[in-house]
There are 2 protein chains.
Amino acid sequence: MVAANRVEQTQARATIDTIVTLTQRDMGRVNDLILSMAGSRVELIPEIANHLISSGGKRLRPMLTIASALAHGYEEGDAHVKLAASVEFMHTATLLHDDVVDESDLRRGRRTARTIWGNQASVLVGDYLLGQAFKMMVDVGSMAALAILSDASAVIAEGEVWQLAAAKRMTTSEADYLSVVDAKTAALFAAAAEVGPVIAGKSMREREAMRRYGRSLGISFQLIDDVLDYGGVATDLGKNTGDDFREGKITLPVILAYEAGSDEEKAFWRSAMEEGRNDDLALAKAVDLIDRHGTLKATIDRARAYGAEAYEAAASLPPSLAREALLDVVEFCVARIR
Amino acid sequence: MVAANRVEQTQARATIDTIVTLTQRDMGRVNDLILSMAGSRVELIPEIANHLISSGGKRLRPMLTIASALAHGYEEGDAHVKLAASVEFMHTATLLHDDVVDESDLRRGRRTARTIWGNQASVLVGDYLLGQAFKMMVDVGSMAALAILSDASAVIAEGEVWQLAAAKRMTTSEADYLSVVDAKTAALFAAAAEVGPVIAGKSMREREAMRRYGRSLGISFQLIDDVLDYGGVATDLGKNTGDDFREGKITLPVILAYEAGSDEEKAFWRSAMEEGRNDDLALAKAVDLIDRHGTLKATIDRARAYGAEAYEAAASLPPSLAREALLDVVEFCVARIR
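Keep in mind that this is a model prediction, so the values were computed, not measured. (Residues numbered from 1 in each chain as written. Chains lettered and ligands numbered in written order. Predicted model: local features only at pLDDT ≥ 70, side-chain atom pairs only at ≥ 80, totals over all residues. Heavy atoms only, no water.)

**Let's talk about the overall build of chain A**
What chain A contains, in helices and strands, is 16 helices and 2 strands. Radius of gyration (C-alpha) of chain A: 20 Å, near the 20 Å computed for a compact globule of 338 residues. In terms of overall dimensions, chain A has C-alpha extents of about 60 × 50 × 30 Å along its principal axes. For chain A, the share of sequence-separated contacts (at least 6 apart) that also reach a separation of at least 24 residues comes to 77%. (Helix = DSSP H or I, 4+ residues; strand = E, 2+ residues; numbered from the N terminus. Rg over C-alpha atoms; globule rule 2.2 N^0.38 Å. Contact = heavy atoms within 4.5 Å.)

**With respect to the side chain of B:Thr112**
When you line up the elements, B:Thr112 lands in the loop between strand 2 (110-111) and helix 6 (113-117). The contact partners of B:Thr112, leaving out residues within four places of it in the chain, are B:His51, B:Asp99, B:Ser104, B:Asp105, B:Leu106 and B:Arg107.

**Focus on the interface of chain A and chain B**
With 37 residues of chain A in contact, the opposing surface of chain B contributes 37 residues. Around 3,600 Å² of area is buried between chain A and chain B when both sides are counted, 75% of it from carbon and sulfur atoms. Broken down residue by residue, the surface that chain A buries against chain B is led by A:Leu124, A:Met143 and A:Glu158, which jointly contribute 17%. Taking the shortest distance from any N to any O, the salt bridge between A:Lys135 and B:Asp151 comes out at 3.2 Å. Connecting chain A to chain B are 8 residue pairs in polar contact (both at pLDDT 80 or more). Taken together, the elements giving at least two residues each to the side of chain A that touches chain B come down to helix 3 (44-53), helix 5 (79-102), helix 7 (119-140) and helix 8 (143-166) of chain A. Split by residue class, the side of chain A that touches chain B holds 21 nonpolar, 9 polar and 7 charged. (Buried area = accessible area lost by both parts, 1.4 Å probe. Salt bridge = Lys/Arg side-chain N within 4 Å of Asp/Glu carboxyl O. Polar contact = N/O pair within 3.5 Å; in protein donor to acceptor, adjacent residues only side chain to side chain. Nonpolar A, V, L, I, M, F, W, Y, C, P; charged D, E, K, R; others polar.)

**Brief notes about the relation of the copies chain A and chain B**
Rotating chain A by 180° and translating it 0.0 Å along the rotation axis places it on chain B, where the RMSD comes to 0.0 Å. What the rotation and shift describe, once combined, is the action of a two-fold rotation axis. Here 100% of the contact residues of chain A are again contact residues in chain B; the copies associate through an equivalent surface. (Least-squares fit on C-alpha atoms with pLDDT ≥ 70 in both.)

**As for the packing of aromatic side chains**
All names here are of chain A. All chains considered together, the criterion is met by 7 aromatic pairs over all chains. Between Phe189 and Phe221, the ring centres sit 5.3 Å apart and the planes meet at 45°, which makes this aromatic pair tilted. With Phe189 in helix 9 (residues 174-199) and Phe221 in helix 10 (residues 204-228), this residue pair connects regions lying 32 residues apart in the sequence. You can call Phe189 buried: its relative accessible area is 0%. Given a relative accessible area of 10%, Phe221 falls into the buried group. Here the basic side chain of Lys266 rests over the ring of Tyr258, its NZ or CZ set 5.4 Å away from the ring centre. (Phe/Tyr/Trp six-rings, centres within 6.5 Å; stacked < 30°, edge-to-face > 60°. Buried < 20%, exposed > 50% of the residue type's maximum accessible area, 1.4 Å probe, protein only. Lys NZ or Arg CZ within 6 Å of the ring centre and 35° of its normal.)

**A few points about the pattern of salt bridges**
Residue and element names in this part refer to chain A. Tallied over the entire structure, the rule returns 42 salt bridges over all chains. Put simply, Glu174 and Arg302 hold a salt bridge, and the shortest N to O gap is 2.5 Å. Taken as a pair, Glu174 in helix 9 and Arg302 in helix 15 (residues 295-315) lie far apart in primary sequence, 128 residues in all. Since its relative accessible area comes to 28%, Arg302 is described here as partly exposed. Residue Arg323 pairs with Glu324 through a salt bridge whose shortest N-O separation is 3.5 Å.

**Focus: the packing of helix 5 of chain A against helix 8 of chain A**
All names here are of chain A. Here helix 5 crosses helix 8 at 15°, and the two axes come no closer than 12 Å. Considering the angle they form, helix 5 stands roughly parallel to helix 8. Of the two elements, helix 5 crosses helix 8, and the hand of that crossing is right-handed. Residues Leu83, Val87, Met90, Thr94, Asp98 and Val101 of helix 5 pack against Ala145, Leu149, Ala152, Ser153, Ile156, Glu160 and Leu164 of helix 8. (Axes fitted to C-alpha atoms, helices over the stretch in contact; angles between N-to-C directions. Parallel < 35°, antiparallel > 145°, perpendicular 65-115°, else oblique. Left-handed = near helix turned anticlockwise from the far one by under 90°.)

Printed below as a string of structure tokens:
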């Protein structure tokens, strides 16, 4: 498979520079719009919103929206800018609520909003940003884009509830886990990419290709994140080894190690993930078991397969710098691990 | 003022029977849609949603949407049903998040969702219902209705954050408080009523009348609620005297009593509302001060003035059973106090 080969071979040079350069001018407008829409006469709102907005995320999702629109020949107007800002607000609202639900104290090495301003403010400012996101979508005036993004909004929340209900159960299967990733992460990537051809007036064929691109990229992205948490060397900043383990998050490397493990090993995983016996000694044992069963490699293989699917979906586009940018993102995503 | 007189004179016979009878058939469809859209393969979602949905609320907001649509000649189709269900979901999502933010254990005499299923599930299921609300709006396909409801969604959240930031400060002025009520309660009433003429294809004049109707009704409704909390005799079930006081909620009867109070009284209010010295003895003193300064009557007067405004706005409609229903709701709302 050519796409898969290219994904594997080009890791070394993979970069998000192409999409950053391509979207630079439009992302400037997205940032202005974000700052303006995060404003409010209620000072606490921009204070909290800006804490997250300025937290050094890559803004990959809104860049995907811009690049996808450009790849389909969208040029005039600001629909792509507004939808990109909406996508980022949806993401930011999810992070605010996630940190409350997961009781997280740190995100990307900074204190979470909830530890500074409290859970209550985090919940409500998340609600506000979601409302503002919908207002921007309405402003664009595309009912199809609204359908895609409101659907994603419900799917993301549904995935979160599912994860909450199933959380910390070692009986979670690979298929279960992928369903959660599909909902929690891939749905917004898929929506972010799909609205591009929508505002460019393209047909269902183009929409479906971009949806597949975003979804596969999102799953690939999350699986690589899972790997990085167990000692993959991160080429970008942000995550510390063992964060998922200490929070009792059951991810694919763990699920596969549990499935392949002896009875004694299964008992260890249950005690660590279900009962919270997750100190540094337990983490060392977890890393050792994951290493012994080769489940990082198995997870990377799956991430590469999804990456290849994303690559193929974007490769169907007519040649352009925007197409190259979308392809490079896939390679960058998979190449974060080395 | 004829409207004001009628509001005062007809308290005794005021009833929501007219709107209940008028909307009965359509509300059956709204209820079916609510149950179906609160469904999910994730069982926890319908479990929590149905806990709130079956909690015996009057469903006043969706009835307003139905009645407003009918009053403007909307007959065919199911846009009013879908928008009514959206409005109820927005309301339900707000209640779920509110109970988390206020740390409430009881609502209408029943345990809140957060005490049964936890704060985390309440936050996420609220998010899910909001997503489903937007999906139903998109399904209706009216960009104007979407604009009205997404705007309300942001305004409600903004009002909640404002209240959180200003909460428990006795410096809250009457104007500040009315701004919060306008955002937290009246915005959804206004949106619920305004979408009626929108889907009936009416002009801005009709829209503005219904917006004014809903907004004034919402403020009136909230002020009467505030009064009921300090010993007004409730003609409907639900609230217990002193709930607001014990939760440290600063409402209009308290603000007016504080403003009219001596230095010693002001110190009492600060200690009760800002420092939580709100036992039964303090409640008795609060009721006494409110009584001495006549601030329940002053609050009722303001509620009646808003009621009269709502009445006038709906009185501009051509005569119909739906118009009578909208007018009777105003009277019912104000007449809950006696």
